[in-house]
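Residue strings, one per chain:
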Amino acid sequence: MSWTVRMLNSSIGRKQIMAVTGLAFCLFLTTHLIGNLFIYAGEDAFNSYVEHLHSLGPLIHIAEMGLAFFALLHVSNAIVLIIRNRLSRPTRYAKYKSTGGRTLASATMPYTGSLILIFLIFHLLTLKFADHTDKTVYDLLAQSLANPIYAGFYILFIVAVGFHVFHGVWSAFQTIGLNHPKYTPLIRVAGILFSLVITAGFASIPLTIVLK
Amino acid sequence: MSEKNISLTLRVWRQAGPHVKGQLITYHLDDVSTDMSFLEMIDVLNEKLTLRDEDPIAFDHDCREGICGMCGAVVDGQVHGPETATTLCQLHMRHFTDGDTIIVEPFRSRAFPIIKDLVVDRSGLDKIIQAGGYISASTGGSTDANAMPIPTQTAEEAMDAAACIGCGACVASCPNASAMLFAGAKVSQLALLPQGKAEREKRVWSIVHKMDELGFGNCSNERECEATCPKEISISHIARFNREFTRAAFVSREK
Amino acid sequence: MHLDAKIPSGPLAEKWDKHKFDLKLVSPANKRKFNIIIVGTGLAGSSAAASLAELGYNIQSFCIQDSPRRAHSIAAQGGINAAKNYPNDGDSIHRLFYDTIKGGDFRSREANVYRLAQVSNQIIDHCVALGVPFAREYGGGLATRSFGGAQVSRTFYARGQTGQQLLLGAYSAMSRQIHLGKITMFPRREILDIILVDGKARGIIVRNLITGDIERYTAHAVILATGGYGNVFNLSTNAIASNATAIWKAYQKGALFANPCFTQIHPTCIPVHGTYQSKLTLMSESLRNDGRVWVPKKPGDKRAPEDIPEEQRSYYLEEKYPSFGNLVPRDVASRNAKEQCDAGRGVGDTGFSVYLDFHDAIKRMGEDAIRSKYGNLFQMYEKIVAENPYKTPMKIYPAVHYTMGGLWVDYNLMSNIPGLFVLGEANFSDHGANRLGASALMQGLADGYFVIPNTLGNYLAEQTLNPVETDHPSFQDSHSQALEKMHKLLAIKGKRTVDDFHKELGHVMWDNCGMQRNAKDLEKALELIPAIREEFWKNVTVPGNNDDFNQSLEKAYRVADFLELAELMVHDALARKESCGGHFREESQTDENEAKRDDKNYSHVAAWEYQGIESKPRLHKENLKFENVQLTQRSYK
């Protein structure tokens, strides 16, 4: 057992947990986006999709619990890693300039991650744990997104997700060790495309609602 | 090469000892030939300081041809200076312009405590190698060198990793002060070669834990190490390192 | 003093095996009772540390750098020789032996050189086992290339970083033993003196370069693997910290210094360009495989190289030495470059360089092939000179590179001080008057991996070595002398820096005891050097304290020794009135201006004994016997 514990507590082990959970969230984002896009098929279609989901019963609960567990792992590990990383350079440089490795996305992972976490809590409170007695999810959604300020924040957070994913996808593959001269460039491109699709897909909804 | 002379303002980190507070001190230097190397420029400054009976700037250096890995400082925010694939001793003043102000700082990392001025203690890198960066082959018992063919491509890739000079630039430039490229290069080299396969699980396991124990940070794939590495070692070796680690975790029979 | 080289009897090819059998052994249980000090962690030092620790000895290893991996062996580029005969081109142990002894202009011991050739193959085997990524052919077998002074392809290489890879191999073997507790590593230590007790080497004192403390260490035997003394010339291809203090202190304690004047001037270095220059950078000799050396035929021709038509170029090495062409040994290539430049045909701003042109090779094989062979060398050249060698020919000039001379050792690599062993470039043993390319790596590793593990045990088994404590009077004396010397250096507070004196010494040595020597210049040097030394001790300024991290003091301590060693080199050069290998006395040359040996009078090793700083050292001769090779005038035509 000590092997497993030591593995998971090591720098690489923790990063690999980040990678696996991160990729799982990418899958989740994909399904979530597909679901959200039902909104373009009209209110009924969207509500029926929501009902359909709810009708899955225990399955949906298992999935939710899984996601919550993954989120817990992802966030708690991130905190440990960020603290360790800060400690590993107690004195900062008077001047630090990138030599060309980092991107805006990679340099801001802790920040975009924090934004996403805040958004996630808010998002769950306003939609999932909101009072559903006399409103459908569509109502809640349309109502909140109709507020331009809310919509603006929503888009901002979606952009944060986009940035996070922009670096996260290829980074996760690299951390798991899936790197190959032939496929890594493809993974990079796929990661960028994925982040663009996710950002555009999610952001299009408030935009459509506000502009309507 | 057209040589000319430039004037510079240097702001150099001066710190008398490990536990003393340091600060950036400003020096002006005229008549710096653009054909000088960065270290020769510091030599010239040190000669002047010596004649003024001031303490010359302490800095590590030895071969001055970019292979021993002894030199290194952060020049204007960049490890080994603005040129890619270059050690500090191979950085030439032709890459600076007249009137420049240059900030020179030591490598900074918890694992690299400062000894004096620009000199840091990089023994952590040796400790990583001692943890397992070797093949346990004793002298005298080896079979013929050609007994085990190694495909050119494998040998070349191992050589790419083996080119590491252990200067610590990867650690210094990493936003997390991680030693993943240094350690990964060694693990990757020995994992690629058939001779290194016998110990691969033990090796990667010990190295990762030694690295963590020494206080190096984690890899967040920022790729600054690869961009700054004087030997241009690819982060694909970090990926192999990660892979070796996972493999070891599942394959090793130890509990 | 009788110099007994302890060369085993019997036929040449059987000497080493016979000797190994005759040597006394130390049982495995007893080996762990012996402490061995090894100073230096280059190829010789680190391979010795690793292999002796593997045998069970307790090793204390010392180096000046922050890590044993940084020793200057790391800078060797081209390769390592071995008589594997993988290419099937007629190589053999005997041929490697013959080439090496001929390359050394018949001034080395047959038995030593033969042993070197014999163990060369084992070195390659062991290095491969350690994970050294040598270049390979497509079939997976090891690749080789050719080097100067040989007509076979026997040089194994790892791109242009062979020294680095071999050193990292030895360093990794050493790291394993450090991990196992058999080697205790002391980095950032500089040796100050060797301690003799009852006439035997029993310890050292070192300066801890971080704290400035003088530390004392005892041992049953001391091994010096501290490299060469080329930095006596100030500008050389050696690392900045490379110094002679260890061997010089040993010499002052009674060890004989053999052939001190044998210096190798490497033909392919990046030329000198400014007074601030701190070192010269070598471009591997392997470049001469594909590069063609030329100068304009017309003296003073300042046209750009591409504007000089083929027929107005002089490919002087190819013209003069048709059979070896650009691959003549180093001393020959260096001297010819100097000759061309002295005749006004030199190129570049200073007129002290010749072209090394890859145009034809690129046309023949393509730029990519050249890049894969020499990419890192071309890159290094471009960084320093800011010219693209794929387009413009390289400019090169000879520079001090290696010292064949060193402490005298017998066949067991032990100096005349019992218990003091000397390995690698620090000894004089295998290269005679000129070292062939890719042979230094071979010798360093041969000494460390395969010779010393056999011969050290014999010494230990033969002795009764009483325990020695660090408060022994010998330690006290050396300690106070070293401290006194440092205090003196710090107290002078003169007007000139250490570097300034070092540069002056370098000029005197290069001008008078460099590529060509004559009695008049050498005698002049004998007057100049003591004068510089005298001024040094009156007018040098060394800032800081001795109980602190003080790089100026380190430098001053080293240069103080160079100032004494230089004089010994000149004495030796003056006494050897013949030309041989790297030692070219103008008075002794053939009609074609080649080195002319005088085998009747100088077929010996000149081993010098210290008589005090102000006195002339005493010369002892070890006569060289050649039973297996015919002494011939070296010819590379």
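Residues numbered from 1 in each chain as written. Chains lettered and ligands numbered in written order. Predicted model: local features only at pLDDT ≥ 70, side-chain atom pairs only at ≥ 80, totals over all residues. Heavy atoms only, no water.

**Here we look at the overall build of chain C**
- Check the secondary structure of chain C and you find 17 helices and 20 strands.
- Over its C-alpha trace chain C gives a radius of gyration of 24 Å, about what one expects of a compact globule, namely 26 Å for 637 residues.
- Dimensions of chain C along its principal axes, counting C-alpha atoms only, are 75 × 60 × 50 Å.
- Going through the 637 residues of chain C one by one, you find that 69% of them count as buried.
- Counting only contacts in chain C whose residues sit at least 6 apart along the sequence, the fraction spanning at least 24 positions is 74%.
- Both charge centroids of chain C, one from 76 positive and one from 74 negative side chains, sit 2 Å from each other. (Helix = DSSP H or I, 4+ residues; strand = E, 2+ residues; numbered from the N terminus. Rg over C-alpha atoms; globule rule 2.2 N^0.38 Å. Buried < 20%, exposed > 50% of the residue type's maximum accessible area, 1.4 Å probe, protein only. Contact = heavy atoms within 4.5 Å. Lys, Arg positive; Asp, Glu negative; His and termini not counted. Charge placed at Lys NZ, Arg CZ, Asp CG, Glu CD.)

**Section: the interface of chain A and chain B**
- Taken residue by residue, the interface counts 42 residues in chain A and 51 residues in chain B.
- The contact between chain A and chain B buries some 4100 Å² in all, and 50% of this surface belongs to carbon and sulfur atoms.
- Broken down residue by residue, the surface that chain A buries against chain B is led by Trp3, Tyr93 and Thr99 of chain A, which jointly contribute 20%.
- If you look at where chain A meets chain B, you find 2 salt bridges. (Buried area = accessible area lost by both parts, 1.4 Å probe. Salt bridge = Lys/Arg side-chain N within 4 Å of Asp/Glu carboxyl O.)

**Quick look at the interface of chain C and chain B**
- Each partner contributes to the interface: chain C provides 76 residues, whereas chain B provides 76 residues.
- In total, chain C and chain B occlude about 6300 Å² of area from one another, counting both sides; carbon and sulfur atoms represent 51% of this.
- Of all residues in chain C, Arg70, Tyr276 and Lys383 of chain C give up the largest surface area on contact with chain B, accounting jointly for 11% of the area buried on that side.
- Counting across the interface, chain C meets chain B through 7 salt bridges.
- Linking arginine 188 of chain C and aspartate 60 of chain B is a salt bridge whose minimum nitrogen-to-oxygen distance equals 2.7 Å.
- Put simply, chain C and chain B have 45 residue pairs in polar contact (both at pLDDT 80 or more) between them. (Polar contact = N/O pair within 3.5 Å; in protein donor to acceptor, adjacent residues only side chain to side chain.)

**Re the domain arrangement of chain C**
Residue and element names in this part refer to chain C.
- One can read the domain layout of chain C as domain 1 (266-400) and domain 2 (473-595).
- A separation of 31 Å is found between the C-alpha centroids of domain 1 and domain 2.
- Facing 13 residues of domain 1, the contacting portion of domain 2 comprises 10 residues.
- Of the roughly 870 Å² buried at the junction of domain 1 and domain 2 (both faces included), carbon and sulfur atoms supply 57%. (Domains from an automatic or database assignment.)

**A short note on the side chain of serine 33 of chain B**
- Take serine 33 of chain B: it is sitting in strand 2 (residues 23-33).
- Relative accessible area serves as the criterion here: at 2%, serine 33 of chain B is assigned to the buried category.
- A distance of 3.0 Å separates a polar atom in the side chain of serine 33 of chain B from the backbone nitrogen of aspartate 35 of chain B.
- Not counting residues within four places of it along the chain, the set of residues in contact with serine 33 of chain B comprises Glu3, Lys4, Asn5 and Met93 of chain B together with Tyr276 of chain C.

**Things to note about the environment of leucine 3 of chain C**
Residue and element names in this part refer to chain C.
- Inspection of the secondary structure puts leucine 3 in the segment before helix 1 (15-22).
- For the pair leucine 3 and serine 323, spaced 320 residues apart in the sequence, the C-alpha separation amounts to 39 Å.
- Setting aside its immediate chain neighbours within four residues, leucine 3 contacts Leu256, Trp408, Ala607, His620, Lys621 and Glu622.

**Some points on the packing of helix 5 (residues 180-192) of chain B against helix 6 (residues 200-213) of chain B**
Residues and elements named next belong to chain B.
- One can describe the packing of helix 5 onto helix 6 by two numbers: an axis separation of 11 Å at closest approach and a directional angle of 170°. By the angle class used here, helix 5 and helix 6 are roughly antiparallel. Contact with helix 5, carried on its side by Met180, Ala183, Val187, Leu190 and Ala191, involves Arg203, Val204, Ile207 and Met211 of helix 6 and no other residues of that element. (Axes fitted to C-alpha atoms, helices over the stretch in contact; angles between N-to-C directions. Parallel < 35°, antiparallel > 145°, perpendicular 65-115°, else oblique.)

**Considering the environment of glutamine 23 of chain B**
All names here are of chain B.
- Tracing the sequence through the fold places glutamine 23 in strand 2.
- Take glutamine 23: its relative accessible area is 49%, and that puts it in the partly exposed class.
- Sequence-wise, glutamine 23 and valine 12 are 11 residues apart; in three dimensions their C-alpha atoms are separated by 8.0 Å.
- Contact partners of glutamine 23, with chain neighbours within four places excluded, come to Val12, Trp13 and Arg14.

**Considering the domain arrangement of chain B**
Residue and element names in this part refer to chain B.
- Partitioning chain B into structural domains gives domain 1 (5-115) and domain 2 (122-137 + 148-254).
- For domain 1 versus domain 2, the separation of C-alpha centres amounts to 29 Å.
- Listed per partner, the contact involves 18 residues of domain 1 and 20 residues of domain 2.
- Here domain 1 packs against domain 2, burying approximately 1400 Å² in sum over the two surfaces, 61% of which is carbon and sulfur.
- Counting the surface domain 1 buries against domain 2, the share from its top three residues, Val79, Ala85 and Phe112, is 35%.
- At the boundary of domain 1 with domain 2, the tally comes to 1 salt bridge.
- As a salt-bridge pair, arginine 122 and aspartate 60 come within 3.8 Å of each other at their nearest N and O atoms.
- There are 4 residue pairs in polar contact (both at pLDDT 80 or more) connecting domain 1 and domain 2.
- Taken together, the residues of the side of domain 1 that touches domain 2 sort by class into 9 nonpolar, 7 polar and 2 charged. (Nonpolar A, V, L, I, M, F, W, Y, C, P; charged D, E, K, R; others polar.)

**Looking at the packing of aromatic side chains**
Residues and elements named next belong to chain C.
- Overall, the coordinates contain 38 aromatic pairs over all chains when judged by the stated rule.
- Ring geometry for phenylalanine 134 against phenylalanine 156: centres 6.3 Å apart, planes inclined by 65°, an arrangement best described as edge-to-face. Of the two residues, phenylalanine 134 sits in the loop between helix 5 (110-129) and strand 4 (144-145) while phenylalanine 156 sits in strand 5 (residues 155-156), which places them 22 residues apart along the sequence.
- The exposure class of phenylalanine 134 is buried, given its relative accessible area of 1%.
- With relative accessibility at 1%, the residue phenylalanine 156 sits in the buried group.
- Within the aromatic cluster, the residues linked to one another by ring pairs are Tyr229, Trp248, Tyr251, Phe257 and Tyr610.
- In this structure, arginine 145 is placed above the aromatic ring of tyrosine 157, and the distance from its NZ or CZ to the ring centre is 3.8 Å.
- Seen from the ring of tryptophan 537, lysine 488 lies directly overhead, with NZ or CZ sitting 4.8 Å from the centre. (Phe/Tyr/Trp six-rings, centres within 6.5 Å; stacked < 30°, edge-to-face > 60°. Lys NZ or Arg CZ within 6 Å of the ring centre and 35° of its normal.)

**Concerning the pattern of salt bridges**
- Applying the stated rule across the entire model yields 67 salt bridges over all chains.
- A salt bridge links glutamate 222 of chain B to arginine 102 of chain A; its shortest N-O distance comes to 3.0 Å. Taken together, the positions of glutamate 222 of chain B in the loop between helix 6 and helix 7 (224-228) and arginine 102 of chain A in the loop between helix 4 (58-87) and helix 5 (104-107) put the pair across two chains.
- Exposure remark for glutamate 222 of chain B: the relative accessible area of 7% places this residue in the buried category.
- Of the charged contacts, one joins aspartate 91 of chain C and arginine 154 of chain C as a salt bridge, the two residues approaching to 2.9 Å between their closest N and O atoms. One end of the pair, aspartate 91 of chain C, is in the loop between strand 3 (80-81) and helix 4 (93-103); the other, arginine 154 of chain C, is in the loop between strand 4 and strand 5, and 63 residues separate them in sequence.
- Owing to a relative accessible area of 3%, arginine 154 of chain C belongs among the buried residues under this scheme.

**Points about the arrangement of the chains**
- Most contacts, among the 2 pairs of chains that meet, fall between chains B and C.
- At the level of C-alpha atoms, the two units chain A and chain C stay apart, their nearest approach being 18 Å.

**Considerations on the nonpolar core**
- Residues Phe38 of chain B together with Leu224 of chain C are the most contacted members of the largest nonpolar core, which totals 285 residues.
- Per element, the largest residue contribution to this core is 14 residues, and it comes from helix 16 (residues 551-575) of chain C.
- If we skip the residues at most four places from it in the chain, phenylalanine 38 of chain B touches Val75, Leu88, Leu91, Met93, Phe96, Ile102 and Val104 of chain B.
- Counting residues in each nonpolar core, the second largest holds 28 residues, with Phe119, Leu127, Tyr154 and Phe157 of chain A among its members. (Core = buried A, V, L, I, M, F, W, Y, C linked by side-chain atoms within 4.5 Å.)

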